Amino acid sequence: MSSNKITREELDHISKLARIELSDQEKTTFLPQLESILEYLDILNQVKTDNITPTYQVNDQKNVLRQDIVKESFSQKEALSTAPKTQDAYFVVPGTIKK
Amino acid sequence: MKITPIIGLEVHVELKTKSKMFCSCDAEHFHVDPNTHTCPTCLGLPGALPVPNKTACEWCIKLGLALGCTPNESSFFERKNYFYPDLAKGYQLTQYEKPFVINGKIKIGDQEIRINRAHMEEDTGKSVHIIKNNEELTLIDYNRCGVPLVEIVSEPDLTSAQMAKDYLLKIQQIIRYLGISDADIEKGSMRCEPTINLKIEDGDQTFYTPLAEIKNVASLTGVLNAVDYEINRQTEEFQKTKETKSKTNKTTRGWDAQKNQTFLQREKEGSSDYRYFPEPDIPHIEFTKAEIEAIRATISELPDEKIARYKTDFGLSDYDANLIAQDIQLAQVFEHVIEIFKNKEDIKLFVNLFNGEFRNEDINIDKIKPENCLKIVTAQNESLLSSTSAKIVFTESYRTGEDPIEIAKKQGLIQVSDSSQIEKIAKEVIDNNPKAVQDYLKNPNSVGFLVGQLMKASNGSANPQLAKEILEKLLK
Amino acid sequence: MDLKSLTIKQIQELLFSKKITATQIVNFYLNRISEIDPKIKAFITITDKVALKQAEILDAKIKKGESVGKLAGAVMAVKDIFLTKDIQTTSSSQVLNGYIPQYSSTIYQKLIDQDAIIIGKTNTDPFAFGGSTENSGYFTTKNPWNLSKVPGGSSGGSAAAVAADLCQFALGTDTGGSIRQPASMCGVSGLKTTYGLNSRFGITAMASSFDCPGVFAKNIEDLALVTQITAGLDEKDATTVDLSVPDYSKLLESVDLKGLKIGLPKEYFSDPINPEVKEKVMTAAKEFEKRGAILVDISLPSTNLGIAVYYVLVPSEISANMARYDGIRFGQNTTDNKDITSYYMNTRGKYMEAEVKRRIIIGTYALSSGYYDAYYTKASKVRTLIKKEFTEALKNVDIILAPVSPTTAWDIGAKSNDPLQMYLSDAFTVCVNVAGIPSVALPCAFDSQKLPIDFQLIGNFFEESKILSVAHQYQQFTSFHKEEPKL
Ligand SMILES: [Mg+2]
Ligand SMILES: [Zn+2]
């Protein structure tokens, strides 16, 4: 966290990881914004947290488990009803096999 | 130059719970119409949340305990982030930092293989690839999405393809004993990803070749061949490039079963960054010591224990005991039958029948009749059936359900132990085979030929022991 | 009949004494919406047909003398991130333009089951990412008190709808202040419940360990009535807590103001607070003192870390929660992509609004290899500190009183090019979310521009009945909550 410089290459890498296409215009806008946000986050570095356990959930619930019972699912029609594209009762995407 | 393969295995096992891991959809996905077992949670719809399946968690721990693992005091799920259309939520729920169980080991022969962990996660959907109007499309069925998986990660303690195969068989055997999965590699309910590199010692120098993880190995032979292929490939590669293992040069390779070779799938590990973090939607899970012990108590006899018991209690050979215990269903049939047996000797006789050609039958516990089995063994004891005939009768009576003695009578397999009858035939055999008689008189060890002739003349029904004795008596 | 000032209880009296029908109630609100909402733009979807159908069924039940639900006749507006079966749910993002879900959120369903009537779906920042509704992929909602000002956010549409009397109560969510801050800017009452009291199932997720659904209403009495229905265990949300929900309405008088120790955290009365807001909130505190409460100066020293913790953890969770928006099973998609990777990138790049992208990028960055410990782990540890400071403070005082927002509503557009400035305006609300405790916002003043100001009462885990009781009593000796904007 010491360096807040986020490079254009880094932004490209992150946008690829997040699967979000950014236009050049967006990159130009985002870079200084991200930098000032990251710079602000540096405030956390000043806090001593050596013996502190991290909090991932606030209300200390434990062991919330379901019994292994089958309940009704969507009908095929319901499941597919929101899909932009279907084929033979499947959801459809561009081919995923690499050539 | 000394080359030692270093092999670790990641094994994914699909649990056969009734419902999925994080929702109440039916977990069955074989021969089911596409997208009929789905709900907001397993379709990754907006706003849907996961609630873990208790039975699946318990089975994961049960498997871990059977593999000699220690449970973690507190476990939690994490999100493993990556994009792929069969992964509805865009992240897989898995366990990374705190798996349910860690640090186990199993024995393959004399070798101990350490198990790093067994953790709980969820399966992805299934993809079908088609071409429509010249366009390549992938069709997705989410029925399998969210089915519980346990991932068992070994330490890199395996040193050959054969050992990798043996390890897999052992894991499969244990899982089937626990009854928590079909663990069928061909059907995909057990999947295996070996990671391989080589330790190469050349003089006083030691090198380690880059790691390669192999995907899509869909059979046991595949594992054997893929690992062997990879050992050879890495050996050749090292001789060419001298490249050694680094933090960034692990590759992912696919297995092409048709061409019988691995091929490069993904160049560098650095390109995948899963951004694991604790799943906020599911509270942490802590099983108490008592709960763990209750799970342990549900573990029935494991293969090694069963083999040991067969050897001590029934006096079976190591070979026979292993052959029966190999498959839990077979062992159950065996134990079902011998329940009505009274002594070790009878059991041993039965094992000879059971471990013979009978193994080619489709063996079913509902079909086998223990009283018939006992009748055959008793008939053998009373010399009514020869061991050869007993095998024939056993298979036939299993197939038809008919009384074995009736079958033996019909097929003329009841052994003749009446001395006078055998003596009559023996005399004929002696008369018809003067040359063999001459041979016998010179060399008594050649009696076998005459016994054979006698057996033939009796249509196999004579008691061979008795036949031999009578022949020897007559020729004295 | 002019129904706009009536509370749920008052409207139900008219309904049950057959002085009015449910259909008349619905028509009253539909007329009011068609007259006023074009100026305010609180709604993305007006569910007139559904509402009239619900009213018809309810009227039939009343006519036949059948039993009706506890919220019969109460007209609600629903933030458009709550999934409503067969009714478009956009989350105010183009990603979900035209999305008609095949299932409903738990809370919405619970309210419908009690015969509450849905009048429409309200505008928000996309997926609730923002504090002004300006990030909405559709339009910006206007503040009913001054149409050139923002209504706050993200639940700005719901707050504005209640303030403009376009409904009787509204659903919102509070991840970093998204109920309390717009409540303050629009001068209505709003409750951020304890994390785990209200089910999150069926609400598009922002940050799973922070999100708290809750209610806006004209007064605390109505808040109590509706929260009674929404609260409680949901077997579909593993983070909801199994407790018997107290009878909030009956407990409204339960807390004795005499001797009540009210903590005033000094960090909430200093920079960046506007002096006018500070003065008015202090005046509210003094009102309690007059009635026997004891004001105690306290300190919550980690308050200044709240925004930083929030803007590490929330985007991190967002980056994963937003991964499912890929246009495969639902939502808008793109065609003619050369491969699956460009399909994902183009689809998500095309329809996600700038703030959605920005937060996903920040979160992806914070979780990526090499940065995880410095950001995610570090922020999670500081989260422990902030939570502990609250629970420690609440051992010494009964309740904490603080301003909600450092300022009153700002001009539309004033902060939209500076995301960090926008984030910093949550300074007084985020820590409560970081800790997971409940807080109720309620009106206590107007500034010199006649813009409303709320203060908040913060309690310990599951102390909703306590904070509601104190808030309710405040509304018995003040009338800020009864003021109405001129429209
Ligand atoms: Mg895995
Ligand atoms: Zn499901």
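The following paragraphs examine the structure supplied in this document. (Residues numbered from 1 in each chain as written. Chains lettered and ligands numbered in written order. Predicted model: local features only at pLDDT ≥ 70, side-chain atom pairs only at ≥ 80, totals over all residues. Heavy atoms only, no water.)

**Points about empty space enclosed by the protein**
Residue and element names in this part refer to chain C.
Right, on to step 1. Within the structure shown, the criterion is met by 12 cavities of 30 Å³ or more.
Right, on to step 2. Roughly 110 Å³ of volume is contained in the largest cavity.
Right, on to step 3. For the largest cavity, the lining is made up of 17 residues, of which Gly130, Gly131, Tyr311, Arg359 and Asp426 are closest to its centre.
Right, on to step 4. Mapped onto the lining of the largest cavity, the elements with two or more residues apiece are helix H9 (306–321) and helix H13 (419–424).
Right, on to step 5. Residue composition of the lining of the largest cavity, grouped by class: 6 nonpolar, 9 polar and 2 charged. (1 Å grid on protein atoms, 1.4 Å probe; cavity = no way out; pocket = protein on both sides within 12 Å on 5 of 7 lines; lining within 4 Å. Points joined across faces, edges and corners; volume = space filled by probe spheres on them. Helix = DSSP H or I, 4+ residues; strand = E, 2+ residues; numbered from the N terminus. Nonpolar A, V, L, I, M, F, W, Y, C, P; charged D, E, K, R; others polar.)

**Points about the pairing of strand S2 (residues 75–79) of chain C**
Residues and elements named next belong to chain C.
Right, on to step 1. Of all 5 residues in S2, 5 are buried; the element is thus mostly enclosed.
Right, on to step 2. Side-chain alternation along S2 places Val75, Ala77 and Lys79 on one buried face and Met76 and Val78 on a second face that is also buried.
Right, on to step 3. As defined by bridge partners, S2 adjoins strand S3 (residues 117–122) across 5 bridges and the pair is classed as parallel. Across the sheet, the residue bridging to Ala77 is Gly120, located in S3.
Right, on to step 4. Handedness of the S2-helix H4 (residues 106–113)-S3 crossover: right-handed.
Right, on to step 5. Relative to strand S4 (residues 169–174), S2 runs parallel, the two sharing 3 bridges. What sits directly across from Val78, in S4, is Leu171. (Buried < 20%, exposed > 50% of the residue type's maximum accessible area, 1.4 Å probe, protein only. Pairing = 2+ DSSP bridges. Right-handed = clockwise from strand over helix to strand, strands pointing away.)

**Some thoughts on the nonpolar core**
Right, on to step 1. Grouped together as the largest cluster of nonpolar side chains are 225 residues, with contacts concentrated most on Ile152 and Tyr167 of chain B together with Phe169 and Phe390 of chain C.
Right, on to step 2. Tallying contributions element by element places H9 of chain C first for this core, with 10 residues.
Right, on to step 3. If you look at the next biggest cluster of nonpolar residues, it comprises 45 residues, including Leu3, Ala77, Ala164 and Phe216 of chain C. (Core = buried A, V, L, I, M, F, W, Y, C linked by side-chain atoms within 4.5 Å.)

**A closer look at the packing of helix H14 (residues 447–457) of chain B against helix H15 (residues 464–474) of chain B**
Residues and elements named next belong to chain B.
Right, on to step 1. Packing of H14 against H15 leaves a shortest axis separation of 10 Å and a crossing angle of 120°. When the interaxial angle is binned, H14 and H15 end up oblique. As H14 packs across H15, the resulting crossing turns out to be right-handed. Residues Val447, Leu450, Val451, Leu454 and Met455 of H14 pack against Pro464, Ala467, Lys468, Leu471 and Glu472 of H15.
Right, on to step 2. A class-by-class count of the residues in the contact of H14 with H15 yields 8 nonpolar, no polar and 2 charged. (Axes fitted to C-alpha atoms, helices over the stretch in contact; angles between N-to-C directions. Parallel < 35°, antiparallel > 145°, perpendicular 65-115°, else oblique. Left-handed = near helix turned anticlockwise from the far one by under 90°. Contact = heavy atoms within 4.5 Å.)

**With respect to the coordination of the magnesium ion (ligand 1)**
All names here are of chain B.
Right, on to step 1. Of the protein atoms, only His12 (NE2), Glu121 (OE), Glu121 (OE) and Glu151 (OE) coordinate the magnesium ion (ligand 1), at distances of 2.0 to 2.8 Å.
Right, on to step 2. Along the chain, the residues that donate to the magnesium ion (ligand 1) are spaced as H-x108-E-x29-E. A residue pair is termed long-range when its members are at least 10 positions apart, and His12 in strand S1 (residues 2–14) and Glu151 in strand S9 (residues 148–154) qualify at 139 residues. Comparing His12 with Glu151, the two get one shared label, buried. (Donors = N, O, S within 2.8 Å, 3.2 Å for Na, K, Ca; no water.)

**Brief notes about the pattern of salt bridges**
Right, on to step 1. All told, the structure shown has 55 salt bridges over all chains when counted by the stated rule.
Right, on to step 2. A salt bridge links Glu230 of chain B to Arg233 of chain B; the nearest nitrogen and oxygen atoms lie 2.5 Å apart. In this pair, Glu230 of chain B and Arg233 of chain B are both assigned in helix H3 (residues 220–241), 3 residues apart and thus about one turn of the helix distant.
Right, on to step 3. Among the salt bridges present, the one from Glu402 of chain B reaches Lys410 of chain B, with a minimum N-O distance of 2.9 Å.
Right, on to step 4. The class of Glu402 of chain B is partly exposed, set by a relative accessible area of 32%.
Right, on to step 5. Taken together, the salt bridges that share partners define one network made up of Arg79, Glu279 and Asp281 of chain B together with Arg200 and Asp237 of chain C. (Salt bridge = Lys/Arg side-chain N within 4 Å of Asp/Glu carboxyl O.)

**Concerning the layout of surface pockets**
Right, on to step 1. Looking at the second largest pocket, its volume works out to about 920 Å³.
Right, on to step 2. Forming the boundary of the second largest pocket are 39 residues, of which Lys71 of chain A, Ser24 of chain B together with Phe201, Glu235 and Lys236 of chain C lie nearest the centre.
Right, on to step 3. Looking at the lining of the second largest pocket, the element that brings in the most residues is H4 of chain C, giving 4 residues.
Right, on to step 4. Broken down by class, the residue content of the lining of the second largest pocket amounts to 16 nonpolar, 11 polar and 12 charged.

**Some remarks on the coordination of the zinc ion (ligand 2)**
Residues and elements named next belong to chain B.
Right, on to step 1. Coordination of the zinc ion (ligand 2) by the protein involves Cys23 (SG), Cys25 (SG), Cys39 (SG) and Cys42 (SG), with metal-donor separations of 2.3 to 2.4 Å.
Right, on to step 2. Seen from the zinc ion (ligand 2), its 4 donor atoms lie at angles of 101 to 116°, and the figure they make is tetrahedral.
Right, on to step 3. Counting the intervening residues between successive donors of the zinc ion (ligand 2) yields the motif C-x1-C-x13-C-x2-C. With Cys25 in the loop between S1 and helix H1 (54–66) and Cys39 in the loop between S1 and H1, this residue pair connects regions lying 14 residues apart in the sequence. (Tetrahedral: all angles 85-135°; square planar, octahedral: opposite > 155°, others 65-115°.)

**A look at unusual backbone geometry**
Right, on to step 1. Cis geometry marks the peptide bond from Gly153 of chain C to Ser154 of chain C, where omega comes out at 10°.
Right, on to step 2. Considering the arrangement of structural elements, one finds Ser154 of chain C in the loop between S3 and helix H5 (156–163).
Right, on to step 3. Backbone geometry places Ala89 of chain A, a non-glycine residue, at a positive phi of 70°.
Right, on to step 4. The topology assignment puts Ala89 of chain A in the loop between strand S1 (86–87) and strand S2 (90–94).

**A look at the interface of chain C and chain A**
Right, on to step 1. Opposite the 67 residues of chain C that make contact, chain A presents 50 residues.
Right, on to step 2. Of all residues in chain C, the largest losses of buried area upon contact with chain A belong to Gln102, Met345 and Ile361 of chain C, amounting jointly to 13% of the total for that side.
Right, on to step 3. Remark: the boundary between chain C and chain A carries 3 salt bridges.
Right, on to step 4. One salt bridge connects Lys387 of chain C with Asp60 of chain A, and the closest N-O pair in it is separated by 3.6 Å. (Buried area = accessible area lost by both parts, 1.4 Å probe.)

**Topic: the packing of aromatic side chains**
Right, on to step 1. A full pass over the atoms with the stated rule returns 45 aromatic pairs over all chains.
Right, on to step 2. Site record: aromatic cluster; members linked through ring pairs are Tyr310, Phe314, Phe334, Phe341, Phe350, Phe354, Phe358, Phe394 and Tyr398 of chain B.
Right, on to step 3. Looking at Lys41 of chain C, its charged tip hangs above the ring of Phe139 of chain C, at a distance of 4.6 Å from the centre.
Right, on to step 4. The lysine or arginine in question, Arg383 of chain C, covers the ring of Phe210 of chain C, its NZ or CZ lying 4.0 Å from the ring centre. (Phe/Tyr/Trp six-rings, centres within 6.5 Å; stacked < 30°, edge-to-face > 60°. Lys NZ or Arg CZ within 6 Å of the ring centre and 35° of its normal.)

**Digging into the sheet that holds strand S8 (residues 135–141) of chain B**
The strands that make up a sheet pair up through hydrogen bonds in the backbone, lying either parallel or antiparallel.
Right, on to step 1. Reading across the sheet, the 4 strands line up as S1(A)-S2(A)-S8(B)-S7(B) and stay open at both edges, with antiparallel pairing between neighbours. Of all the strands in the sheet, the pair left with one neighbour each is S1 of chain A together with strand S7 (126–132) of chain B.
Right, on to step 2. The sheet contact formed by S2 of chain A and S8 of chain B spans 4 bridges and is antiparallel. The residue of S8 of chain B that forms the bridge with Pro94 of chain A is Leu137 of chain B.

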